[in-house]
Amino acid sequence: MLSEAPGKQLTQIIMVTHSLPKLLSLYPLFFILVFGCTLSSAEESAVSVTTPIVDSSNARFLFTGTITSERNADISPRIAGLIVKADADFGFEAKTGELLVSLDDTLAKIDLKAMEIDLEAAREEFDNAKRLYDEAVSLGDNNFPRTEKESRETNYQKAQLTVERRETAVIRQKEIVERHRIPAPFDGFVSEKYAEVGEWVQTGRPVVSFIDTKNLRLDLQVPQEQGNMVLNSRKVTVTVSGYEHLAFESFIEARTPTVDPKTRTFVVRVRLNAPPDYIKPGMSAQAVFQPTNDKPNLLITRDAILRSGSSEISVWIAETTNGEIKATKRIVTPGRTNGDYIEILEGLNKDDEVIYQGNESLQEGQTLRIVDSVTPF
């Protein structure tokens, strides 16, 4: 028995050796089955999803800007001269045409008086020439020398031209006298005074700065993404810092035709309708735009928003297809922010399952495993 044991052991070893290639040939299939399942499980990404909040309230967009005046002028004299009156100091209120500053017009008035005397003399000569000419015409050619009649007609015409020329000179001199006055060009206030009595001023040098405090507007910087919503607003409400409880309605007057390439914003100008007296140029103010939008507003958590270097804004959606949950990328248009939520204007449906955790490195069509689903309230 002892002598047969080594022979049997040798036979078993030979049989195993002959079977080894077959066993080894089955190992790849075993590895594929085992590790394939492991890899398939590894490709699934664990994510948390939520559905958008349906906001039934009207969307509102708030921007802050500065109150500006429609008219703000540095007023210069229209003629050089010596200031003899400058009562319009800082804060002086004036209506259109009221005097702000006076220049010495003594010489100009003397010249005007002399021209008016010359005009009066010319008119007397004209009246005399006309009387003589009418007399010749009334006597007729048979009773009055023809050459004398023609001479009187020539004198009459010259006298008429002299009157017209001197009337023009008087009008011009009156304008020169008037230009020694510096009146208010519109209703407003003096915001700065640059010259005093006794100073000689030249044309082009401002003597006062004058500003309109009634016709006011609000200039705002609006991001290009929200431009259409703002410009389509049916209502604009303005409040001034410090007077938030006193809001009043306004309207969009104009917008710049271009967008600033550095800030990606454009200027929207809001006209203030009959603004209260407490509103002054330079004040900070807020404008709330309420766009025309009959669709409900969708809001999602800001964690779901992804921004790329190309300014593209997107979210990932978990979609179920043939029993599998896949990742789908959506390009969206954001709107206003409300705490931890942001409004989505385009690109999202109210029933979409939006991924807000585990969305940092997803790929299109990637298989997902939902670990948490939140229903917003």
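Check the entry above for the structure.
First, a word on scope: everything that follows refers to the structure included in this document. Each residue is numbered by its place in its chain's sequence as written, counting from 1. Local features in a predicted model are, by the rule used here, given only for residues with pLDDT of at least 70; side-chain atom pairs are given and counted only at 80 or more, and totals for whole chains, interfaces and linings are based on all residues. To obtain the side-chain values, all non-hydrogen atoms of the structure were included, while hydrogens and water were left out.

Here the focus is the overall build of the protein. Segments assigned H or I by DSSP are reported as helices when at least four residues long, segments assigned E as strands when at least two residues long, and all are numbered from the N terminus. Counting its secondary structure elements, the protein contains four helices and 24 strands. When each of the 377 residues of the protein is scored for burial, the buried share is 33%. In this description, contact between two residues means that some pair of their heavy atoms is separated by no more than 4.5 Å. Pairs at least 24 apart in sequence give 74% of the contacts found in the protein among residues at least 6 apart. Computed by Shrake-Rupley with a 1.4 Å probe, the accessible areas treat only the displayed protein chains as cover when residues are assessed. For the protein, the accessible surface area stands at approximately 23400 Å², while carbon and sulfur atoms represent 53% of it. Only protein chains enter the accessibility calculation, which uses a 1.4 Å probe; a residue whose area is less than 20% of its type maximum is buried, one above 50% is exposed, and one in between is partly exposed.

Non-glycine residue Arg 264 carries a positive phi angle of around 55°. On the accessibility criterion, Arg 264 (48% relative accessible area) is partly exposed. Backbone geometry places Asn 322, a non-glycine residue, at a positive phi of 55°. Relative to the assigned elements, Asn 322 resides in the loop between strand E19 (313-321) and strand E20 (324-331). Judged by relative accessible area, which is 80%, Asn 322 ranks as exposed.

Glancing now at the sheet that holds strand E9 (residues 188-193). Pairing within the open sheet is antiparallel, and its four strands lie in the order E4-E11-E9-E6. Here the strands that pair on one side only, and so sit at the sheet edges, are strand E4 (72-75) and strand E6 (93-94). Being paired, for any two strands, means DSSP has found at least two bridges between them. Direction of pairing for E9 relative to strand E11 (residues 208-211): antiparallel, over a ladder of four bridges. When the sheet's bridge partners are listed, Val 190 is paired in E11 with Phe 210.

Turning our attention to the sheet that holds strand E10 (residues 200-201). Pairing is antiparallel in the open sheet, where four strands are placed in the order E8-E7-E5-E10. Two strands bound the open sheet, and with one partner strand each, they are strand E8 (181-183) and E10. Relative to E8, strand E7 (residues 99-103) runs antiparallel, the two being bridged by three bridges. Paired with Leu 99 across the two strands is Pro 183, which belongs to E8.

Tracing the backbone through its elements, the reader meets Ser 48 in strand E1 (residues 45-50). Accessibility expressed as a relative area gives 4% for Ser 48, which makes it buried. Leave out the neighbours within four places in its chain, and Ser 48 touches Val 354, Ile 355, Tyr 356, Gln 357, Val 371 and Asp 372.

A word on the packing of aromatic side chains. Within 6.5 Å between ring centres, the rings of Phe, Tyr and Trp (the latter by its six-membered ring) count as paired, and their orientation is classed by plane angle as stacked under 30 degrees, edge-to-face over 60, tilted in between. Under the definition given, this model contains five aromatic pairs. On the basis of an interplanar angle of 65° and a centroid distance of 5.9 Å, the ring pair of Phe 63 and Phe 289 is categorised as edge-to-face. Taken together, the residues Phe 63 in strand E3 (residues 61-69) and Phe 289 in strand E16 (residues 284-291) connect sequence positions 226 residues apart. Phe 63 gets classed as buried once you look at its relative accessible area, which sits at 10%. Overall, Phe 289 belongs to the buried group, its relative accessible area being 0%. Ring geometry for Phe 186 versus Phe 210: centroids 5.4 Å apart, planes at 50°, classification tilted. Of this pair, Phe 186 sits in the loop between E8 and E9 while Phe 210 sits in strand E11, placing them 24 residues apart in sequence. Residue class for Phe 186 comes out buried when judged on its relative accessible area of 7%.

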